[in-house]
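# Fold and geometry: a report
Okay, here's what each chain looks like letter by letter:
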Amino acid sequence: MGKMFEVEPMVKIRVLCAKRDLEGVVEGLYEFGAIHVTRSKQFQPGRPLEKMEAVSPMLVKTRALESAFALERLKVKQTPSGHHGSHSHSLGEMQERLAAIAPEKAEELARRKQTLETRLNDALARKKELAPFKSLRLNVNEIQSRTAFLEFALFEIQQDAGKTLAKAREYGSALMLEEERQKLKMLIAMDKRKGEKARHALAPYAKEVSLPHSASESFAHEYAALEKQISELRLQLSQAESEIRSFVSAHGAGIVSLRKALETEFKKAELPSKFGESELAASAEGWVALNKFHSLENRLKEKLGDRILVEKVQTSEFPPSKLKNPAVLKPFEFMIEFFSLPRYNEIDPTFITALTFPLFFGMILGDIGYGLVLLLLGIAIMRKTTGALKKIGGIMVLSSISTIIFGFIYAEAFGLEKILGFQLHPLLSRVHEEGIEALFALSVLIGFLHVTLGFLLGAWQGVREKHYKHSYAKIAWLAILFGFIAFLANSMQLIFTNYLQFLRVIPSPFDLGLFVAGIAGVVYFEGPVQLMEIPSLFSNVLSYLRIMALGLSGVALASIVASIPLDFASLATLQPGAIISFVLLALLLVVGHAVAIMLGLLEAGIQSLRLHYVEFYSKFYKGGGTQFVPLRED
Amino acid sequence: MVDFGPGLIAVGAGLAVGLAALGTGLAQSSIGAAGLGLMAEKEGKEGQVLIMLALPETIVILGFVIAFFLLGKMA
């Protein structure tokens, strides 16, 4: 039983080998995988393997290719050879694979594409600049440089084109240029001496912009040449792109798998920098699961025979924590990791959390319909995602099952008391007053039990660590809780204690006696300052009333949505008005339920989590363990 | 003579939940801001921030309990 609450038992090991066997040891450790390597303090600090120097530039080159051809988005199927079994890739083989890719040619290809793109962009920008002048058959710049008195100026007309043109013609010859995105441009040729006056006169109507320069014989000429150049560049670019496509289809997958292989080899080559080494020997240290010690030892012996020594090391260091729970409970490890990993000798609360979290979640949401929707959503998330999201999907699946069960207890399906025409009969109704009162008392009962369980686990943790004082203190807190609630049950008729009547086995005045004894115990074992926590002890229990309170608000929302009148009979009339209103109401119904489900998921999830983190874990769990990081993930 | 009693009780119940929620909101606003700051500075503190953020919520629950009892009196 106790095993469910334990993290994986670990043992620290040390491997001693001759320095020439270093590479073999690294291979052996890597094949074994499930070892958390720590820095060895024996001998001198180690250095990476020699092959590092060869692997590192190859890795840089492959990564550069990967990013140049945007291969990160490429989905590469795991080749069986790269997966299990042969984890070792010889340096020569990898060099050959890299050479087959012809990285220089590929880099040249990527560079060519980039240059073409830059040139095309430049040409396009210039084309845009010259667009207004595309039929102007004279080189303004040249004329301007040859004559002493003539000046050209370009204006962007702000308002009243006709008037502006007339005004401009008072000073010289003005020409409207072709329109470009509703911006009228006007070119003026005028006497240089009149320039200032003209600018002043035109200022309210037009804004002067700079006149482009052209080395060609005219703007029109350059524009035509530019158009030709652009189509040529486009052709070249599409050629380069098709070359790249064929390169990617030939080598893309190869590059990605080579990068992965190189990364593995890089990690291996780097590993000995954590080892210790002397002139002839080397030592590696790390943590392995106790039950895997022999398989590690056998694997290394198989590889290196008697030239190697594998031993267990006695140490006062704290081992890293590795949670070990059956697959069904695995998703809930996410909640523990999110809070803080258990220290090595601490209780792993995953098992308890996996029981109580779905219970609270279901009690809050409690709706057959919503539960089914969340079940489907949870399954979809589990199938489509990996990592943390997948775990959340797993939590959702278990929680939604509990939601469906409580949906039957409360007789709620999409906010109604019937499902597919069948009338449901509640065991406990959240709509009627007696049901609400029962749920109120039930929430307090659950709070009482959960907090009590927390204290009991805390006492057990104290025994495990041989800190008996902690255990006694937890018992003293329990005495305060039991004494006070027994006192309430004995002396008052409160709805709180409806389901806590069993505590009346502690008759008055022993209830108060227990309470006082508990206070004395807390003062003795934890000090008088801790008495400040007494109010929060009771507010912790009352805090579980949120199970009922959030449930009620959820029911209110669901029943409001469910009261949207959807009349199928109106469809039969075939009147357009009736059909439109039916469709709109149906849409409102779907959106309303979607909102109710989202809110329910968020509230039930966060509040159940909080009840664990704040009210429950605070009684026995500290966390702060370090994560067990295996050399290789399976 | 109109009996104001039940009305006043109902108003009291509303105030109990409403003011408690206001207090919780005030407390959470500064805790949330500080918590986000902590999360930005240091990774892996999400769990603790969530706990700190959740602490004042109990105030609303206590307000709700008072309101529940007040409404019980009305009936």
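Conventions and cut-offs
Residues numbered from 1 in each chain as written. Chains lettered and ligands numbered in written order. Predicted model: local features only at pLDDT ≥ 70, side-chain atom pairs only at ≥ 80, totals over all residues. Heavy atoms only, no water. Buried < 20%, exposed > 50% of the residue type's maximum accessible area, 1.4 Å probe, protein only. Helix = DSSP H or I, 4+ residues; strand = E, 2+ residues; numbered from the N terminus. Pairing = 2+ DSSP bridges. Axes fitted to C-alpha atoms, helices over the stretch in contact; angles between N-to-C directions. Left-handed = near helix turned anticlockwise from the far one by under 90°. Contact = heavy atoms within 4.5 Å. Nonpolar A, V, L, I, M, F, W, Y, C, P; charged D, E, K, R; others polar. pLDDT = per-residue confidence, 0-100. Phe/Tyr/Trp six-rings, centres within 6.5 Å; stacked < 30°, edge-to-face > 60°. Lys NZ or Arg CZ within 6 Å of the ring centre and 35° of its normal. Buried area = accessible area lost by both parts, 1.4 Å probe. Salt bridge = Lys/Arg side-chain N within 4 Å of Asp/Glu carboxyl O. Polar contact = N/O pair within 3.5 Å; in protein donor to acceptor, adjacent residues only side chain to side chain. Core = buried A, V, L, I, M, F, W, Y, C linked by side-chain atoms within 4.5 Å.

All names here are of chain A. Strand β6 (residues 185-191) sits mainly inside the fold: six of its seven residues count as buried. Here seven bridges tie strand β4 (residues 150-157) to β6, and the two strands are oriented antiparallel to one another. Each residue of the ladder has a partner; that of Leu154, found in β6, is Leu187. Across five bridges, the pairing between strand β5 (residues 172-176) and β6 is antiparallel. Following the sheet pairing, Ser173 is matched in β6 by Ala189.

With that settled, the discussion passes to the packing of helix α16 (residues 468-491) of chain A against helix α18 (residues 534-543) of chain A. Residues and elements named next belong to chain A. At a closest axis distance of 11 Å, the pairing of α16 and α18 adopts a crossing angle of 65°. Judged by the twist between their axes, the crossing of α16 over α18 is right-handed. Where α16 approaches α18, its residues Trp477, Ile480, Leu481 and Phe484 are matched on the opposing element by Ile534, Leu537, Phe538 and Val541. Residue composition of the contact of α16 with α18, by class: eight nonpolar, no polar and no charged.

Averaged over every residue, the pLDDT of chain A is 87; residues scoring 70 or more account for 96%. Contacts of residues 80-86 of chain A to residues separated by more than four positions or lying in other chains number four contacts, the stretch itself having pLDDT below 50.

This model, assessed by the stated rule, comprises 31 aromatic pairs over all chains. Taking 6.4 Å as the distance between ring centres and 90° as the angle between the ring planes, the aromatic pair formed by B:Phe68 and B:Phe69 counts as edge-to-face. Owing to a relative accessible area of 18%, B:Phe68 belongs among the buried residues under this scheme. The class of B:Phe69 is partly exposed, set by a relative accessible area of 29%. These aromatic residues form a ring-pair network of at least three members: A:Phe339, A:Tyr613, A:Phe616, A:Tyr617, A:Phe620 and A:Tyr621. Taking NZ or CZ as reference, A:Lys312 lies 4.9 Å from the ring centre of A:Phe293, over its face. Positioned above the aromatic ring of A:Trp460, the side-chain terminus of A:Arg464 is 5.2 Å from the ring centre.

A separate point is unusual backbone geometry. Residue and element names in this part refer to chain A. That bond from Ser508 to Pro509 is cis: its omega, 0°, falls within 30 degrees of zero. Structurally, Pro509 can be placed in the loop between α16 and α17 (510-526). Of note in this structure, Ala411 is not a glycine but carries a positive phi near 55°. Within the fold, Ala411 resides in the loop between α14 (387-410) and β11 (418-419).

Taken together, the contacts link 20 residues of chain A with 15 residues of chain B. Regarding the contact of chain A and chain B, the summed buried area is about 1600 Å², with carbon and sulfur atoms giving 80% of it. Considering only the surface of chain A that becomes buried against chain B, A:Phe338, A:Arg610 and A:Val614 emerge as the three largest contributors, covering 28% of it. Run the count over chain A and chain B and you get two salt bridges. Close ionic contact of A:Arg610 with B:Glu57 constitutes a salt bridge, the shortest N to O distance being 3.6 Å. Seen at the junction of chain A and chain B, the total is four residue pairs in polar contact (both at pLDDT 80 or more). Among the elements of the structure, α11 (330-339), α15 (433-464), α18, α19 (546-562) and α21 (576-616) of chain A are those that each provide at least two residues to the side of chain A that touches chain B. Here the element with the most residues in the side of chain A that touches chain B is α21(A); it accounts for six residues.

For the rest of this paragraph, the subject is the pairing of strand β2 (residues 35-38) of chain A. Residue and element names in this part refer to chain A. Covered by surrounding structure in β2 are Ile35 and Val37 together with His36 and Thr38, the residues of both alternating faces. Of the pairings in the sheet, the one linking β2 to strand β9 (residues 281-289) comprises four bridges and is antiparallel in character. Residue Ile35 lies in a different strand from β9, and its bridge partner there is Val288.

Here we come to the nonpolar core. One recurring pattern in soluble globular proteins: nonpolar side chains tend to sit buried together. The biggest cluster of nonpolar side chains holds 81 residues, and the ones touching the most others in it are A:Phe440 and A:Leu481. Membership of the second largest hydrophobic core comes to 28 residues, among which are A:Leu29, A:Ala282, A:Ile308 and A:Leu631.

By definition, the strands of a sheet pair up through backbone hydrogen bonds, in either a parallel or an antiparallel sense. Residues and elements named next belong to chain A. Pairing within the open sheet is antiparallel, and its four strands lie in the order β5-β6-β4-β7. The open sheet terminates on both sides in strands that have one partner only, identified here as β5 and β7 (206-209). Strand-to-strand twist of the sheet, defined as the mean angle between neighbouring strand axes without regard to direction, takes the value 30°. Pairing geometry for β4 and β7, over four bridges, is antiparallel. Following the sheet pairing, Leu154 is matched in β7 by Val209. Here helix α7 (residues 161-169) sits on the sheet in contact with β4, β5, β6 and β7, set at roughly 155° to β5.

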